[in-house]
Amino acid sequence: MSDSAPSQLDPIGGGRAIALIDGNSFYCSCERVFDPKLARVPVIVLSNNDGCAIARTAEAKALGIKMGDPFFKIREQCRRDGVRVFSSNYTLYGDMSSRTNAVYRDFSPRVEIYSIDESFLDLSDVHPDLRIELARDLRATVLAWTGIPTCVGIGPTKTLAKLANHIAKTQPALDGVCDLTDPVAYDHWLCRISASEVWGIGRASATKIEAMGVDTVADLRDLDPRPVRKAMTVVGERIIHELRGVSCLPLELVPAQRKGCAVTRSFSRRVEDRATVEQAVAAHATRLGEKLRREGLGTDHMTVFYHTSTHDRGDPMRSVSTTVTLPEATNDSLVLIQAAQLGVARTWREAPGDRPWRYSKAGVITTDLMPLAASPRALIGQMDRERSGPLMAAMDACNSRFGRGTVVPARAGLTEKRTWSTKFEMRSPRYTTQVAELPTAHA
DNA sequence: TCTGGGGTCCTAGGACCC
DNA sequence: TCTGGGGTCCTAGGACCC
């Protein structure tokens, strides 16, 4: 083997190149696209119910605002430091996500959409010397066409691409692109990055590998996979192989059929009465039906739960969960609502003392979803799909055109005012998906 | 009373991710 | 007053069977 070009003879990972591209502070960047005043000021986006910070711009991070910080704890600081605060606007973020992915597809036909702000691209066909240049072009094009700033990490495996992306994000000198298919970069960075940054190493695993003497990613890569498997299951073993350039996680070009679906929400205030809990789970069941219908899936059982909050120390605690079985699979909101109500009816109790249970959250969960068209029919209790299908389709069409909640089943008090609904007090307009909320330009 | 060696399926819980 | 929501995968252990 020649000393001069070992990388040509033995490229890490056999020449495969996977890129991971993601939006920087994605939700915040979406807000910035439509409001130039947000440029260069600290911005955060809150979780559902305006609970805690889930996206922060660099300026907000510099102020010490942490991922998951409860908003009520940082509200004062935000006011003082001029942090612009937004409720989450998933309609907007989902649409911006589609736009970025449309650009990605111009650069690679093989794209896996991994999450709302991250996609893997197969760049194996791009010559090694051109990968960085292509990644820069990709970033520039996404920024020009969607307004979203991104970072790109390239590696021979998904795990190394994720690591490269992390490096691109945290090393300003790299200008948003890091290529770990380059053996020089690979050797340089793996012994400089903490192993706890590796994709799949969470808190528990970080403690375990630390006990094995691991500090850097290179240390983790060089562990014997067998004891790692003992301690961290096959998941840990896969990470070792992936860090060595042996691919264990293929690109999923076709999204897998989802296995479960849930709609769960905290109440905006504590809830003590049965009618409100029933109304909430009925609303969640309605939403569940919409989600299932969009993907042609059905379910023949639904778990209903509601519980008090662990934060309410001193209050009586109660956590309820029950599974309602249906005669056959369905995605009909009317049936799902009935099931949700039954779940509450079965489990509702009045508190024994004079202190009522103060519920904080309720939800509906389904698992074992199946394509409705292929699901077995019941002998007894068969539902009228010929009627339900078109009815639900008509309802979905109205709600899609005129906004969610325009048509609701007249059940379970769904037409009554919802006093428990999740808070979104600082939500931006749905700039890109509602004509009435289009941004206005003044010239 | 004690003695065996497989299997499968299901569930709960842990861990991790975004 | 106020602390998100929605997923996936893996394993251990119990129940049950032959």
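Residues numbered from 1 in each chain as written. Chains lettered and ligands numbered in written order. Predicted model: local features only at pLDDT ≥ 70, side-chain atom pairs only at ≥ 80, totals over all residues. Heavy atoms only, no water.

Peer 1: Please provide a residue-by-residue account of helix H12 (residues 274–294), values included.
Peer 2: Taking 1.5 Å of rise per residue, the 21 residues of H12 would be expected to cover 30 Å, and the 30 Å separating its terminal C-alpha atoms lies within 8% of that figure. Phi for Gly296, located one or two positions after H12, is positive at around 70°. (Helix = DSSP H or I, 4+ residues; strand = E, 2+ residues; numbered from the N terminus. Expected span 1.5 Å × (residues − 1).)

Peer 1: Any chance you could break down the pattern of salt bridges for me, citing the residues and the numbers?
Peer 2: Any two side chains of opposite charge can pair, given that their charged atoms come close. Inspection of the entire model under this criterion finds 24 salt bridges. Close ionic contact of Arg79 with Glu76 constitutes a salt bridge, the shortest N to O distance being 2.8 Å. Here Arg79 pairs with Glu76, and both are found in helix H4 (residues 71–81), just three residues apart, close to one helical turn. Using a relative accessible area of 59% as the deciding quantity, one classes Arg79 as exposed. Ionic pairing is found between Lys162 and Glu118, a salt bridge with its closest N-O pair at 2.5 Å. Of the two residues, Lys162 is situated in helix H7 (residues 158–170) and Glu118 in strand E6 (residues 118–122); the sequence distance between them amounts to 44 residues. (Salt bridge = Lys/Arg side-chain N within 4 Å of Asp/Glu carboxyl O. Buried < 20%, exposed > 50% of the residue type's maximum accessible area, 1.4 Å probe, protein only.)

Peer 1: Quick one: what's the story with the protein's contact with DNA strand C, residue by residue and with numbers?
Peer 2: Close to DNA strand C lie 23 residues, the nearest being Arg258, Ala262, Thr264, Arg265 and Ser266. Taking all atoms of DNA strand C within 4 Å of the protein, the share assigned to sugar and phosphate is 70%. Between DNA strand C and Ser47, the relevant distance is 2.8 Å, taken from a sugar or linking oxygen to a side-chain nitrogen or oxygen of the residue. Counting residues per element, the surface near DNA strand C draws most heavily on strand E9 (residues 261–271), which supplies seven residues. When grouped by side-chain class, the residues that make up the surface near DNA strand C number eight nonpolar, eight polar and seven charged. (Near = heavy atom within 4 Å. Polar contact = N/O pair within 3.5 Å; in protein donor to acceptor, adjacent residues only side chain to side chain. Nonpolar A, V, L, I, M, F, W, Y, C, P; charged D, E, K, R; others polar.)

Peer 1: So what's going on with unusual backbone geometry? Which residues, and what values?
Peer 2: A positive phi angle is found at Thr233, which is not glycine, with a value near 60°. Among the structural elements, Thr233 can be located in helix H11 (residues 225–243).

Peer 1: Residues and numbers for the sheet that holds strand E2 (residues 43–46), please.
Peer 2: Paired through backbone hydrogen bonds, the strands of a sheet run either parallel or antiparallel to each other. In space, the three strands of this open sheet follow the order E3-E2-E4, with mixed pairing throughout. Strands with a single pairing partner mark the edges of an open sheet, and in this sheet they are strand E3 (53–56) and strand E4 (84–86). The average angle at which neighbouring strand axes cross in this sheet is 25°, direction not considered. Strand direction decides the pairing type here: E2 and E3, joined by three bridges, are antiparallel. (Pairing = 2+ DSSP bridges. Axes fitted to C-alpha atoms, helices over the stretch in contact; angles between N-to-C directions.)

Peer 1: Give me the packing of helix H5 (residues 90–107) against helix H6 (residues 131–146): which residues, what numbers.
Peer 2: Interhelical geometry of H5 versus H6 gives an angle of 145° and a closest axis separation of 10 Å. Note on packing geometry: the crossing formed by H5 with H6 is right-handed. In contact with Met96, Arg99, Thr100, Val103, Tyr104, Asp106 and Phe107 of H5, H6 contributes Leu134, Asp137, Leu138, Thr141, Val142, Trp145 and Thr146. Split into classes, the residues belonging to the contact of H5 with H6 amount to eight nonpolar, three polar and three charged. (Left-handed = near helix turned anticlockwise from the far one by under 90°. Contact = heavy atoms within 4.5 Å.)

Peer 1: How would you explain the UniProt feature "domain: UmuC" (unreviewed entry) in chain A if you had to name every residue and give the values?
Peer 2: Per the UniProt record, the feature "domain: UmuC" (unreviewed entry) sits at residues 18–202. For residues 18–202, helix accounts for 43% and strand for 19%, while the C-alpha atoms at its two ends are 23 Å apart. (UniProt positions renumbered as here; feature names shortened; annotations may be inferred.)

Peer 1: Go over the sheet that holds strand E7 (residues 150–155) with me, naming the residues and quoting the values.
Peer 2: Spatial strand order, E5-E6-E1-E7-E8: five strands in an open sheet with mixed pairing. Strands with a single pairing partner mark the edges of an open sheet, and in this sheet they are strand E5 (111–115) and strand E8 (177–179). The average undirected angle you get between the axes of adjacent strands in this sheet is 15°. The pairing of strand E1 (residues 18–23) with E6 spans five bridges and is classified as antiparallel.

Peer 1: Tell me about the packing of aromatic side chains, residues and numbers included.
Peer 2: Within a pair of aromatic rings, the relevant descriptors are the distance that separates the centres and the angle that separates the planes. Inspection of every chain in the model, using the stated rule, returns twelve aromatic pairs. On the numbers, 4.6 Å between centres and 15° between planes, the contact of Phe34 with Tyr431 is stacked. One end of the pair, Phe34, is in the loop between helix H2 (26–33) and E2; the other, Tyr431, is in the segment after helix H14 (385–402), and 397 residues separate them in sequence. The class for Tyr431 is buried, based on a relative accessible area of 10%. A centroid spacing of 5.5 Å and a plane angle of 85° characterise the contact between Tyr114 and Trp199, whose relative ring orientation is edge-to-face. With Tyr114 in strand E5 and Trp199 in the loop between helix H8 (183–190) and helix H9 (203–211), the pair connects residues that are 85 residues apart, well separated along the chain. On the basis of relative accessible area, Tyr114 is assigned to the partly exposed category, the value being 35%. Aromatic ring contacts, followed pair by pair, group Phe26, Tyr27, Tyr90 and Tyr93 into a single cluster. If you follow Arg318 out to its NZ or CZ, it ends over the ring of Trp357, 4.9 Å from the centre. Across the ring face of Phe424, the terminal group of Arg427 is positioned such that the distance to the ring centre comes to 4.1 Å. (Phe/Tyr/Trp six-rings, centres within 6.5 Å; stacked < 30°, edge-to-face > 60°. Lys NZ or Arg CZ within 6 Å of the ring centre and 35° of its normal.)

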